[in-house]
Amino acid sequence: MVLPVGSYVVELRTGRVARVMGHEGPYVQLRPFGGGREWDCPPEGVRIATTAERLSAATAYANARSRGEVP
């Protein structure tokens, strides 16, 4: 399965919601919701995020910003 760039996924190993930034060799390049350092993951290690998971990640990021924990 080829994941489109810009789609939101959940990494199965950690449960983190991330955005697909590209494909490099056999790996999918992911960036955490809200930005940060990219990492590589095998395509079988991710699944498409549900709407609820995307909203939960967005809310968690907004709350962390309001507390000054992230820029």
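Each value, and the rule that gives it
Residues numbered from 1 in each chain as written. Predicted model: local features only at pLDDT ≥ 70, side-chain atom pairs only at ≥ 80, totals over all residues. Heavy atoms only, no water. Helix = DSSP H or I, 4+ residues; strand = E, 2+ residues; numbered from the N terminus. Rg over C-alpha atoms; globule rule 2.2 N^0.38 Å. Buried < 20%, exposed > 50% of the residue type's maximum accessible area, 1.4 Å probe, protein only. Areas by Shrake-Rupley, 256 points an atom, 1.4 Å probe, with all protein chains shown as cover. Lys, Arg positive; Asp, Glu negative; His and termini not counted. Charge placed at Lys NZ, Arg CZ, Asp CG, Glu CD. Pairing = 2+ DSSP bridges. Salt bridge = Lys/Arg side-chain N within 4 Å of Asp/Glu carboxyl O. Axes fitted to C-alpha atoms, helices over the stretch in contact; angles between N-to-C directions.

## Quick notes on the overall build of the protein chain
Across its full length, the protein chain holds one helix and five strands. Put simply, the protein chain runs from its N terminus to its C terminus through helices and strands in the order β-β-β-β-β-α. Against the globule reference of 11 Å for 71 residues, the protein chain gives a C-alpha radius of gyration of 12 Å, in line with a compact fold. Expressed along its principal axes, the backbone C-alpha trace of the protein chain runs to roughly 40 × 25 × 20 Å. Among the 71 residues that make up the protein chain, the fraction classed as buried is 27%. If you sum the accessible surface of the protein chain, you get close to 4,700 Å²; carbon and sulfur atoms cover 54% of it. Of the side-chain charges in the protein chain, 9 are positive and 7 negative, and the distance between the mean point of each set is 8 Å.

## Structural notes on the pairing of strand β1 (residues 8-11)
Bridge count for β1 against strand β2 (residues 17-24) is three bridges, and the pairing is antiparallel. Residue Tyr8 lies in a different strand from β2, and its bridge partner there is Arg19. As paired elements, β1 and strand β5 (residues 46-48) share three bridges and run antiparallel to each other. In the strand pairing of β5, Val10 is matched with Arg47.

## Here's the deal with the pattern of salt bridges
Here the structure, examined in full by the defined rule, presents four salt bridges. The shortest N-O distance in the salt bridge between Arg13 and Glu11 comes to 3.4 Å. The exposure class assigned to Arg13 is exposed, which follows from its relative accessible area of 70%. The closest approach of N and O atoms between Glu53 and Arg47, which form a salt bridge, is 2.6 Å. Given the relative accessible area of 32%, Arg47 is considered partly exposed.

## What about the sheet that holds β1?
Pairing in this open sheet of five strands is antiparallel, and the strands run β4-β3-β2-β1-β5 from one edge to the other. The two strands at the open ends of the sheet, each matched to only one other strand, are β4 (39-41) and β5. The mean angle between the axes of side-by-side strands here comes to 50°, regardless of whether they run parallel or antiparallel. Of the pairings in the sheet, the one linking strand β3 (residues 27-32) to β4 comprises three bridges and is antiparallel in character. From the neighbouring strand, Gln29 faces β4, where its bridge partner is Asp40.

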